[in-house]
Amino acid sequence: MESILVVNLTRFGDIVQTTPMLQGLKSVYPESRVSLLVNNNCEQLCSLLPGIDEYYTLDFKQICTDLHNNPAGIEQTYSYLKEFFGKLRLRNFNKVINITPHHIGVISAFLAGQGNRLNENISAWTKFFISTTRNWKTLPMHVIDLYSKMAGLDQHLIVPKLNASQETYQFASNMLQHQGIDEGTLLLGLHTGGSTDEKRWPQEHFIELCERIIKNISCKMILYGVETENNVSTYLLKNYPGQVISMLGKTTPEELTAFMHYTDVLITNDSGPMHVATACGTKVLSLHTGKEKCISTGPYGEGNLAIEPDMACHPCEFPESCHSLECRNRITPDSVFAALEILLGAHSETHTEALCAQKGVQLFCSGFDANGFMDFYPLQKKDISFEKLSVYMQRVLWSRVLAETEAGYGVPRLGEKAVVNIYRYIQKHYHTHTVPDLLRQWNVLLPHFIQLKRTAGKGGVLADEVHSAGMNPVPNISRLQHLTQQLEALDNEVISAGEMIKPFKNLIHLFLYEKEIIEGGSITDMAVQTRTVYEVLVSRINELEAIGQQLFILMNR
Amino acid sequence: MNKTVFEHNIAALQKKNPVLAEQVLSASVSQEYQVVMSKNGLPVLKINRISLHSLYDPEKEGRSFLQAHLAKQSVQPGDTVCIFGLGFGYHVRPFTELPNRVVVLEPRLDVLRCAFEQIDMAGLIEAITICCDVSELQRAPEVLFAHQPTVKVNQSVFKQLTEKENCSSASNTTSLDSTVSKKKIRILIVSPIYGGSLPVTRYCTDALKELGHEVQLLDASMFNEPFQKVLGMKIDTNSTRVLNDLFLHLISEMVVGTCLDYAPDMVLALSQAPLSPQALQRLNELNITTAFWFVEDYKYMPYWKQYAPLYDFYFTIQDDRFFDELRDIGVQNYCYLPMAADPGVHNETNLSQEDMQEFGSDISFMGAGYYNRQKMFHGLLDFDFKIWGNEWDMRSPVWQHVQRSGARISTDDTVKIFNASKININLHSSVSHEGVNPQGDFVNPRTYELASCGAFQLVDERSILNRHFAVGEEIITYKDLEDLRAKIEYFLTHDDERLAIAQRAKKRVMQEHTYKHRMEHMLSFIQQRKPDCFYQKSAPSSPVIHDVEAFYTKHPETTSILSDALRRTQGAPNIDTVAAAIHAKQGPIEYPEALFLLIKEYEQLLQEHR
């Protein structure tokens, strides 16, 4: 029997987003035993996750407390981790899948698994994930799709899911009935929180929106979140008693799941409860500000709406140094209210057009693209930008090149038809009269691709020279140092070239990450690994050029 | 480098500050610096990956910087505006349009050099004064604006600068840099288990939140019921004391545990809020500032002597002789902080007829039946007089006037009583006087609360009342029963005068005596005395392996790693040293090495959150 461990040392919302992958594993390996490793602050969520047989919790809080306050912190933490992973290793997992986008996950996966080298079992998709999460803005696909790829699953269209117990559903149902909410009542949920300031739409906007909803839509409202997010709640409960129920700070994850099940629409910032809603089949109207963008973490599934500010700087690369967070005010209560009416089907087509034409916001609808990736397409057809085009191209690119480098892993390479699929999908959702301009922008990139390949070629040659020098029984140290310096200089050239191919900068991010994790062995061993990294970069650029060529031929027809 | 631009800039600086110009000429630009282009084509400096300006539109961000700061802090004509950080000057240029002297403190000479190489700054140099050292500032600037990216890369210098400013403006805290004084502070408030100051903790919580701080209330009143049961047990005194101590330790541990998790900048406890000496010591080790607001009469609650020296800051509702006593026991950071009102709770209310029926009367008193009140109110029983509150003597004739059979009155009903009574009697409690305490030296919360409600009150004379209200105009006092009766009779027949006085008192409360004012004052005082306590807590240093030998005796697989680490450091190795030793060796990462690297990752995560 296969024994699989999924390492997910992230937060609440990220774990909910793992559920399609967990379901997929169980369906591909029905006889397998699927285990999950999470931080103990997410333990309550684990019993709700479908597709897992058992879970393990790492005492994250204790580790932090020991390292933060305990003079013997290293000793205690070492002993704890040694014992914890020692026990886990005894489980002899055949496969360990890390979907934690940082090295805590990578190392934990190594410690729990059977591998002999720290980085040898990191899947190509995981490397891609880690390298792009360091450059979040550039992620071209939804993390749920990425998680599936990282697990080696070729699956699409599986949406998140959480299971609460019948008793909890009954409890939620009884409580709502007690509040005068029955099946015929439109129940609108609201979640005003978010993990950082830049993600949180201002409270006064939420209040204004709620007042409009209460005055214009026959419904009841239910507020979710934690107790500290009580400004909106206090105001609404005081001014609209009977119409608003506050569940702030009152629900366990299971209860939240049950209440969300009875909620018709959730209006929310990009947050954990947003993912819970998608896992309960609740329609979502989500707001994505700061560095968040719906394409990466929006409400998964079909028919949800997402609003983003229409600003050149969104999604933000530097939220910590932005003084204004103006993006949060670009989205007005008016536009959110109009979007809600669209979602409820209470808006005429003319109004929808008017909303989509509004300056300051962009309205997207969720659905799956023609290759099965989650997508957020404009509600009304609009011109496609080169950045957006590059997203569709990259989905094909990475599905091909990462599958290729993943010998023996489950995700097959996307075929030739994938580009045709993109082309058709673009035609369906976008105007294509800007094709000449898009082609011009593509052509500007081509010489930079050539230059980049030349640089990578030089890197390969240098790596070979290092290898030869290293083979010498008495290595010439100064020669090796000189070669290493030359390689470092080349990497700077690669980084500079990355600035010239910005829409496809992920190529560089992944290249740099792959170089970073080359693991020490002999100098010759490292030289071989280095050469491979340069070669892979060249082959990826070739693939990208081929995709571009095919796509623009189709678009120019 | 654009030589012409650089020379042009240097020439401009030589005219204004030749010494600085020489220093810039001889400075070299650090390799950590990177000049990148913003999206709109302007050069931007990055230091250790921190971008000093917007990478989209630095000029627009510069204009926003001015507007954002002016919205927070007004600049008067004649004020010197000091900006901490020049960078490439995008945020400074808009300030030159103000009719004020602008001084820019750029702590890094090489930033100046880099800026001079990239941008023509000659005009800007002429319009402002540039200095590179805090000591060059002749005096503390009236207005200080901090360029946050510069602060990030120069935290210690910025601290020096704010210290300089605090020292010079001890009497005027409003001139503190808004970015410092308005820094969002994380505060844990500990309420008492029971007692009159319990609601005050809630008022403080709300006020601090309103000031924009992050506040968590640890409500110890949840233990009131078991605590009262223990008090009511007929057991010997020693056992009662032991049980009391257990409560104290239980709640103290809750506070410490909450602090470990919540990591507040400050813990604020109020009268009788239980914190054991051990807990206070622990908070001190955790580098958490502790403050206590003693809202009781020190003469009747002597327990303060035991605890006052253990807190970093001690706030009192009495001064003068109490301060002498605090000094005598070694307390240094004490401050007078009178009681106040919460206008969100204590406000004017339109009452229904039913409420007027129940709560209305010519005169009323709301409060507990202390000895002096029982005695004095004997003399008021011929009036339409309603008494509200508990602990009144059922055998006394006064009892006939006590409402609701002496039940405790909720805050909502208290506000209704204040609003419904024509005259509210306010008599500070005493257990030893027949009526007014002639030595009364603090003002009770009821004085402010009544005023905040726009309710008229007659209050007993207090020696310091005139510091808070204009006696005779905003508030009327009485010195004894005879005086009180005369004033009741007068004001019952002078409605307009009564209402006007009450309104003036209300205005004064709104201007000066809300809990928001008190909390602001409290934080300002703390910042003046300990300027870095909220700004930058000294981060706990990385943990180290104190006893390497014991470590590898227990974990023999670590022997070679720790031996390597020991060779790389003189003292006890920390996790960085161990990680460096692991990375320096050849060959794949082994299992115990991975355990250390995992600890290193966690440590790094913590550092980022510190």
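The structure displayed is predicted, hence computed values, not measured ones.

Glancing now at the overall build of chain B. When you go through chain B residue by residue, the secondary structure sums to 25 helices and 18 strands. Principal-axis analysis of the C-alpha atoms gives chain B an extent of 95 × 70 × 45 Å. By residue count, 53% of the 610 residues in chain B fall in the buried class. Sequence separation of at least 24 residues holds for 63% of the intrachain contacts in chain B that already meet a minimum separation of 6. Carbon and sulfur atoms form 48% of the exposed surface of chain B, whose accessible area is close to 27700 Å². The averaged location of the 77 negative side-chain charges in chain B is 2 Å from the averaged location of its 61 positive side-chain charges.

Moving on to the confidence of the model for chain B. On average, residues of chain B carry a pLDDT of 84, and 90% of them reach 70 or more. Predicted confidence is poor over residues 165-181 of chain B, with pLDDT under 50, and the contacts of this stretch with residues over four places away or in other chains come to 38 contacts.

Attention shifts here to the pattern of salt bridges. All names here are of chain B. All told, the structure shown has 47 salt bridges over all chains when counted by the stated rule. Between K516 and E210 there is a salt bridge whose closest N-O contact spans 3.5 Å. In this pair, K516 sits in helix α21 (residues 515-529) while E210 sits in helix α9 (residues 198-210), placing the two residues 306 residues apart along the sequence. Look at K516 and you get partly exposed, because its relative accessible area is 32%. Judged by its relative accessible area of 56%, E210 falls in the exposed class. In this structure, D393 engages R395 in a salt bridge whose closest nitrogen and oxygen atoms are separated by 3.2 Å. Here D393 falls in the partly exposed class, since its relative accessible area comes to 27%. One continuous salt-bridge network, built from bridges that share partners, spans D355, E358, R404, D413 and K416.

We now examine the sheet that holds strand β13 (residues 334-336) of chain B. Sheets are built from strands that pair by backbone hydrogen bonding, the pairs being arranged parallel or antiparallel. Residues and elements named next belong to chain B. The strand order across the open sheet formed by 6 strands is β9-β8-β10-β11-β12-β13, and the pairing between neighbours is parallel. Strands with a single pairing partner mark the edges of an open sheet, and in this sheet they are β9 (214-218) and β13. Across the sheet, the mean angle from the axis of one strand to that of its neighbour is 20 degrees, orientation sign disregarded. As paired strands, strand β10 (residues 266-270) and strand β11 (residues 289-294) are joined by 5 bridges and run parallel to one another. Directly across from M266, in β11, lies its bridge partner T289.

For the rest of this paragraph, the subject is the interface of chain B and chain A. Taken residue by residue, the interface counts 43 residues in chain B and 44 residues in chain A. Carbon and sulfur atoms supply 67% of the area that chain B and chain A bury against each other, a total of about 3900 Å² over both sides. In terms of surface lost to chain A, no three residues of chain B exceed Y56(B), Y591(B) and Y602(B), which account for 19% of the buried area on that side. The interface formed by chain B and chain A includes 1 salt bridge. E557(B) is paired through a salt bridge with K82(A); the nearest N and O atoms lie 3.0 Å apart. Our count for the contact surface shared by chain B and chain A stands at 6 residue pairs in polar contact (both at pLDDT 80 or more). For the side of chain B that touches chain A, the secondary-structure elements that each account for two or more residues are α3 (58-72), α6 (148-153), α11 (237-262), α22 (548-554) and α25 (591-609) of chain B. Tallying contributions element by element places α25(B) first for the side of chain B that touches chain A, with 13 residues. Its residues placed into classes, the side of chain B that touches chain A shows 24 nonpolar, 7 polar and 12 charged.

H314(A) connects to P315(A) through a cis peptide bond whose omega is -5 degrees. Positionally, P315(A) belongs in the loop between β10 (305-309) and α15 (327-330). Residue R404(B) is not a glycine yet carries a positive backbone phi of 50 degrees. Residue placement: R404(B) occurs in the loop between β15 (385-388) and α17 (411-420).

The subject of this paragraph is the pairing of β10(A). Each regular strand displays side chains that alternate between the two surfaces of the sheet. All names here are of chain A. Buried residues dominate β10, accounting for 5 of its 5 residues. Burial along β10 is two-sided: L305, I307 and P309 facing one way and A306 and E308 facing the other are all buried. When strand β9 (residues 283-287) meets β10, the two strands line up parallel, connected through 3 bridges. For L287, the partnering residue across the bridge sits in β10 and is I307. Direction of pairing for β10 relative to strand β11 (residues 361-368): antiparallel, over a ladder of 5 bridges. Its bridge partner being in β11, A306 is matched across the sheet by F364.

Applying the stated criterion across every chain yields a total of 0 disulfides over all chains. C42(A) forms no disulfide, and the closest cysteine sulfur to it belongs to C46(A), at a distance of 7.3 Å.

Residues and elements named next belong to chain A. Look at helix α20 (residues 435-471) against helix α23 (residues 523-555): their axes get within 8 Å of each other, and the N-to-C directions meet at 165 degrees. When the interaxial angle is binned, α20 and α23 end up roughly antiparallel. Of the two possible hands of crossing, α20 and α23 adopt the one that is left-handed. Residue composition of the contact of α20 with α23, by class: 23 nonpolar, 10 polar and 4 charged.

What follows is about the packing of aromatic side chains. The final tally for this structure, using the stated rule, is 47 aromatic pairs over all chains. Where Y80(A) meets F84(A), the ring centres are 5.9 Å apart and the plane angle is 35 degrees; that geometry is what we call tilted. Remark: F84(A) and Y80(A) occur in helix α5 (residues 73-89); sequence separation between them is 4 residues, near one turn of the helix. Since its relative accessible area comes to 15%, F84(A) is described here as buried. Between F315(B) and F525(B), the ring centres sit 5.7 Å apart and the planes meet at 75 degrees, which makes this aromatic pair edge-to-face. Taken together, the residues F315(B) in strand β12 (residues 313-316) and F525(B) in helix α21 connect sequence positions 210 residues apart. Just as F315(B) is buried, F525(B) falls in that class too. Here the aromatic residues F292(B), F294(B), Y298(B), Y303(B), W304(B), Y311(B), Y314(B) and F322(B) are joined through ring pairs into a cluster of three or more.

In this section: the nonpolar core. Among the nonpolar cores identified, the biggest contains 142 residues, and V6(A), M21(A), I213(A), L389(A) and W398(A) are the most heavily contacted of them. Among the elements that make up this core, the one with the highest residue count is α23(A) (11 residues). Here M21(A) is in contact with V6(A), I97(A), I99(A), Y147(A), S148(A), A151(A), L153(A) and Q155(A), once residues within four sequence places are set aside. By size, the runner-up hydrophobic cluster in this structure holds 71 residues, among which are L275(B), A279(B), Y311(B) and M339(B).

A word on the domain arrangement of chain A. All names here are of chain A. The assigned domain composition of chain A is domain 1 (3-150), domain 2 (166-380) and domain 3 (436-555). Of note, the centres of domain 1 and domain 3, computed from C-alpha atoms alone, are 30 Å apart. Listed by partner, the interface residues are 16 residues for domain 1 and 10 residues for domain 3. Summed over both partners, the interface of domain 1 with domain 3 buries about 1100 Å², with 52% contributed by carbon and sulfur atoms. Looking only at domain 1, the three residues that lose the most surface to domain 3 are R117, N119 and K127, adding up to 38% of its buried area. Ionic pairing is found between D525 and R117, a salt bridge with its closest N-O pair at 3.4 Å. If you look at where domain 1 meets domain 3, you find 3 residue pairs in polar contact (both at pLDDT 80 or more). Listed by contribution, the elements that provide at least two residues to the side of domain 1 that touches domain 3 are α6 (103-112) and α7 (124-133). It is α7 that contributes the most residues to the side of domain 1 that touches domain 3, 5 residues altogether. Split by residue class, the side of domain 1 that touches domain 3 holds 6 nonpolar, 6 polar and 4 charged.

Rules of the game
- Residues numbered from 1 in each chain as written.
- Chains lettered and ligands numbered in written order.
- Predicted model: local features only at pLDDT ≥ 70, side-chain atom pairs only at ≥ 80, totals over all residues.
- Heavy atoms only, no water.
- Helix = DSSP H or I, 4+ residues; strand = E, 2+ residues; numbered from the N terminus.
- Buried < 20%, exposed > 50% of the residue type's maximum accessible area, 1.4 Å probe, protein only.
- Contact = heavy atoms within 4.5 Å.
- Areas by Shrake-Rupley, 256 points an atom, 1.4 Å probe, with all protein chains shown as cover.
- Lys, Arg positive; Asp, Glu negative; His and termini not counted.
- Charge placed at Lys NZ, Arg CZ, Asp CG, Glu CD.
- pLDDT = per-residue confidence, 0-100.
- Salt bridge = Lys/Arg side-chain N within 4 Å of Asp/Glu carboxyl O.
- Pairing = 2+ DSSP bridges.
- Axes fitted to C-alpha atoms, helices over the stretch in contact; angles between N-to-C directions.
- Buried area = accessible area lost by both parts, 1.4 Å probe.
- Polar contact = N/O pair within 3.5 Å; in protein donor to acceptor, adjacent residues only side chain to side chain.
- Nonpolar A, V, L, I, M, F, W, Y, C, P; charged D, E, K, R; others polar.
- Disulfide = S-S within 2.5 Å.
- Parallel < 35°, antiparallel > 145°, perpendicular 65-115°, else oblique.
- Left-handed = near helix turned anticlockwise from the far one by under 90°.
- Phe/Tyr/Trp six-rings, centres within 6.5 Å; stacked < 30°, edge-to-face > 60°.
- Core = buried A, V, L, I, M, F, W, Y, C linked by side-chain atoms within 4.5 Å.
- Domains from an automatic or database assignment.

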